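Spelled out from the first residue to the last, the chains are:
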Amino acid sequence: MNKLFTTIFSIVLILSPKVSDACTSLIAASGATEDGSVIVTYAADSHTLYGELYSQPAADHAPGTMRKVVEWDTGRLLGEISEIAHTYATIGNMNEHGLTIVESTWGGREELVDTTGIIDYGSLIYITLQRAKTASEAIDVMTALVDKYGYASEGESFTIADTDEVWIMEMIGKGGKSKGAVWVAQRIPDGCISGHANHSRIHQFPLKDKKNCRYSKDVISFARKMGYFSGRDEDFSFSRAYAVYDAGALRGCDARVWAFYNKFANGMDKYIPWIMEAKGEVMPLWVKPDKKVSARDMQWMMRDHFEGTHLDMTQDIGAGPYKSPYRWRPLTFKVDSVEYTNERAIATQQTGFSLVAQLNKNFPELMKGIMWFGVDDANTCVYIPVYNCVTRVPHEFAPGNGDLYTISWDSAFWVTNYVANQAYNRYSQMIEDIRRVQIAQEDTIAMEVKILLEEVAGLDPDIAVDVLNDHTSIAARRYVKRYKELGDYLLVKYLDGNVKKEKNGEFERNENGMPVYPYFPGYDEKYYRNIVNETGDKFFLPDIE
């Protein structure tokens, strides 16, 4: 192992305490997509987050109305703020106008956490969705809120998107030294892809391009005051000043964005030294893909485990005999006092929910925002379309339908976990069975959405809203029913390490109706070879004459 990498890793275990609740957001700006949509993704990854779909109806509020601010991560009451006269309807991380806001946490300098602030990052997202129509307006609302009430969270990257444009805004508090936060926001150029995954991604930024770059007036002066920066303004790097640099921040975080870039753009090998050892050229905030991407491409990208790259999680010894791309926590481990790490991929088992927001001004008004929503591991979920006009949360995604300690067999989260958790330890055997059902569900849904895009514009708006509400609910109910059947099928087929034989789509029986003898698939050749290398002749079976 490279000595620099080992030294850095032993100094700081990983980016921050919140890395266990790490999130990923990928971005494709208009011009980089097949249909001209702005597409953004989000995986809300947490070991304590239950996958469900939040919603809030539009409402009018009397003067003097106050709104409670509850910290998203903990449920702790932070305080109250004044409500505005009218708030927009929200569904998940999207509102009725198609505005979408998602995030990833990067921690940053510990001394900048402001314990006096009352707006945490989660509240900042959901309050803003109720108050803004566009991405530009959302930046105004978000920064005004933290200026007035203080920012209660760590360093954060936000993706802020509408049907026309998408921005990354990075923000961190001032440690109570003055109210508010320091921040910078950059618009991702049309035709480009970008992303963030628990590490600050904005380095130098154009100080005079107000159309494509916005920042707090003290973003540089505060860094100077705190001793984080002493150079020329034009050399200032927000990331270098306010984030913490360690091996975990790059290999565990920037590597996920690199995997996205590498999938759609050539020449990404030059950034391998950056993600592996913090050497060489800094990976850029955006790149231009070699081909335009689709919403389905972005869904599949959320299922990535570095397959086909030098970090492929299905290929090392940790994958076991069934090539599993999953590693249980903790990700770091020591051997002979030397620290090592497993990879942290985009797809991970502890996802609460994920989404792919497809925002298109040329779609019918009631469908200009399609939030493809899934719960549990993105790799094995089914993405259901949730439209910007939707007013009813399907029962399968509804808050209160089960929780992290309470199984509900008509909860999408629990049924998807039922399927996924059976596959984790026998992945190569089960994943094709899962893919067959998953792809069939998503193909059917995609065909239905295509029809709706053609038909909804000609319907009475009230009828159209009912149709779209119904479609979201029908798709959710159909998938959960089919996944419960899939989970039962996997349990029967792979019981006790065997594989049941099938014929004509059913488990095979003999002429007397009894189950036929199953297959014994055993392990792969690499696994057996490792046993021999580890144990020598212990299991050797000699010939006996």
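Preceding block: the structure.
Owing to the predicted nature of the structure, the values given are computational and were not obtained by experimental measurement.

Engineer: Can you break down the overall build of the protein chain residue by residue, with the values?
Structural biologist: Within the protein chain one finds 12 helices and 23 strands. Computed over its C-alpha atoms, the radius of gyration of the protein chain comes to 25 Å, within 12% of the 24 Å expected for a compact globule of 545 residues. The C-alpha extent of the protein chain, read off along each of the three principal axes, is 90 × 65 × 45 Å. Taking all 545 residues of the protein chain together, 56% fall into the buried category. A separation threshold of at least 6 residues defines the contact pool for the protein chain, and within that pool the share at least 24 residues apart is 71%. By element, 53% of the accessible surface of the protein chain is carried by carbon and sulfur atoms, the whole surface being about 23,700 Å².

Engineer: How would you sum up a nonpolar patch on the surface? Please name residues and give values.
Structural biologist: There is a patch of nonpolar side chains on the surface, built from Leu491, Val492, Leu495 and Phe507 and spanning about 300 Å² of accessible area. Examined against the element boundaries, Leu491 turns out to sit in helix α11 (residues 461-493). Judged by relative accessible area, Leu491 falls into the partly exposed class, the value being 42%.

Engineer: Go over the packing of helix α2 (residues 121-131) against helix α3 (residues 135-149), please, and point to the residues and values.
Structural biologist: Look at α2 against α3: their axes get within 9 Å of each other, and the N-to-C directions meet at 130°. Relative to α3, α2 is oriented oblique. With respect to the hand of their crossing, α2 and α3 are arranged in right-handed fashion. Together, Leu124, Ile127, Thr128 and Arg131 of α2 and Glu137, Ala138, Val141, Met142, Leu145 and Val146 of α3 make up the contact between the two elements. Taken together, the residues that form the contact of α2 with α3 break down as 7 nonpolar, 1 polar and 2 charged.

Engineer: Could you give me a rundown of the nonpolar core, with the residues and numbers involved?
Structural biologist: Among soluble globular proteins, nonpolar side chains are generally buried collectively. Counting residues in hydrophobic clusters, the biggest one holds 157 residues, and the most contacted among them are Phe158, Ile160, Phe236, Tyr242 and Phe353. Per-element tally for this core: the top contributor is α11, with 11 residues. In contact with Phe236, not counting residues within four places along its chain, are His203, Gln204, Phe205, Val219, Ile220, Ala223, Phe229, Ala241 and Tyr242.

Engineer: For the side chain of Thr309, give the residues involved together with the corresponding values.
Structural biologist: With respect to the secondary-structure elements, Thr309 resides in the loop between α8 (295-301) and β17 (332-335). A relative accessible area of 17% places Thr309 in the buried class. Side-chain polar atoms of Thr309 contact the backbone oxygen of Phe306, separated by 2.8 Å. Filtering out sequence-adjacent residues up to four positions away, Thr309 remains in contact with Trp258 and Asn262.

Engineer: Describe the sheet that holds strand β19 (residues 351-359), naming the residues involved and giving the relevant values.
Structural biologist: Read from one edge of the open sheet, 7 strands run β16-β14-β1-β2-β19-β20-β21, paired in antiparallel fashion. Strands with a single pairing partner mark the edges of an open sheet, and in this sheet they are β16 (286-287) and β21 (384-387). Note: strand β1 (residues 25-28) against strand β2 (residues 38-45), 2 bridges, orientation antiparallel. Each bridged residue has a counterpart across the sheet, and for Ala28 the counterpart in β2 is Ile39. Contacting β1, β14 (193-196) and β16, helix α6 (residues 247-264) crosses the sheet at an angle of about 160° to β14.

Engineer: How would you explain the pairing of strand β12 (residues 166-173) if you had to name every residue and give the values?
Structural biologist: Side chains on a regular strand alternate between the two faces of the sheet. Of all 8 residues in β12, 8 are buried; the element is thus mostly enclosed. Of the two faces of β12, the one lined by Val166, Ile168, Glu170 and Ile172 and the one lined by Trp167, Met169, Met171 and Gly173 are each fully buried. Sheet topology note: the strand β11 (residues 155-161)/β12 ladder contains 6 bridges and is antiparallel. Bridging from a neighbouring strand, Ala161 pairs with Val166 of β12. Hairpin remark: β11 followed by β12, antiparallel, with 4 residues in the connecting loop. Direction of pairing for β12 relative to strand β13 (residues 181-187): antiparallel, over a ladder of 7 bridges. Paired with Ile168 across the bridge in β13 is Gln186.

Engineer: Would you mind going over the packing of aromatic side chains in detail, with residue names and values included?
Structural biologist: By the definition in use, this model includes 32 aromatic pairs. Each ring, one from Tyr479 and one from Tyr483, has its centre 5.2 Å from the other, and the planes form 75°; the classification is edge-to-face. Of this pair, Tyr479 and Tyr483 both sit in helix α11, 4 residues apart, which is roughly one turn of that helix. Given a relative accessible area of 1%, Tyr479 falls into the buried group. Here Tyr483 falls in the buried class, since its relative accessible area comes to 0%. In textbook terms, an aromatic cluster arises when at least three aromatic residues are bridged by ring pairs, as seen for Tyr42, Tyr54, Trp72, Tyr121, Tyr126, Phe353, Phe373 and Phe397. Sitting above the plane of the Trp409 ring, Lys484 keeps its charged end 5.1 Å from the centroid. Looking at Lys501, its charged tip hangs above the ring of Tyr519, at a distance of 5.1 Å from the centre.

Engineer: Now, about the environment of Tyr387: what can you tell me, with residues and values included?
Structural biologist: Within the secondary structure, Tyr387 is located in strand β21. Judged by its relative accessible area of 0%, Tyr387 falls in the buried class. In this structure the C-alpha to C-alpha distance between Tyr387 and Lys174, which are 213 residues apart in sequence, comes to 38 Å. The residues contacting Tyr387, other than those within four sequence positions of it, are Ile91, Met94, Leu366, Met367, Gly369, Ile370, Val449, Leu452, Leu468, His471 and Thr472. Here the side chain of Tyr387 touches His471 through a polar contact of 2.9 Å, side chain to side chain.

Reading the values: rules and limits
- Residues numbered from 1 in each chain as written.
- Predicted model: local features only at pLDDT ≥ 70, side-chain atom pairs only at ≥ 80, totals over all residues.
- Heavy atoms only, no water.
- Helix = DSSP H or I, 4+ residues; strand = E, 2+ residues; numbered from the N terminus.
- Rg over C-alpha atoms; globule rule 2.2 N^0.38 Å.
- Buried < 20%, exposed > 50% of the residue type's maximum accessible area, 1.4 Å probe, protein only.
- Contact = heavy atoms within 4.5 Å.
- Areas by Shrake-Rupley, 256 points an atom, 1.4 Å probe, with all protein chains shown as cover.
- Patch = residues over 30% accessible without salt bridge, like charges linked within 9 Å, V, L, I, M, F, W, Y side chains within 5 Å.
- Salt bridge = Lys/Arg side-chain N within 4 Å of Asp/Glu carboxyl O.
- Axes fitted to C-alpha atoms, helices over the stretch in contact; angles between N-to-C directions.
- Parallel < 35°, antiparallel > 145°, perpendicular 65-115°, else oblique.
- Left-handed = near helix turned anticlockwise from the far one by under 90°.
- Nonpolar A, V, L, I, M, F, W, Y, C, P; charged D, E, K, R; others polar.
- Core = buried A, V, L, I, M, F, W, Y, C linked by side-chain atoms within 4.5 Å.
- Polar contact = N/O pair within 3.5 Å; in protein donor to acceptor, adjacent residues only side chain to side chain.
- Pairing = 2+ DSSP bridges.
- Phe/Tyr/Trp six-rings, centres within 6.5 Å; stacked < 30°, edge-to-face > 60°.
- Lys NZ or Arg CZ within 6 Å of the ring centre and 35° of its normal.

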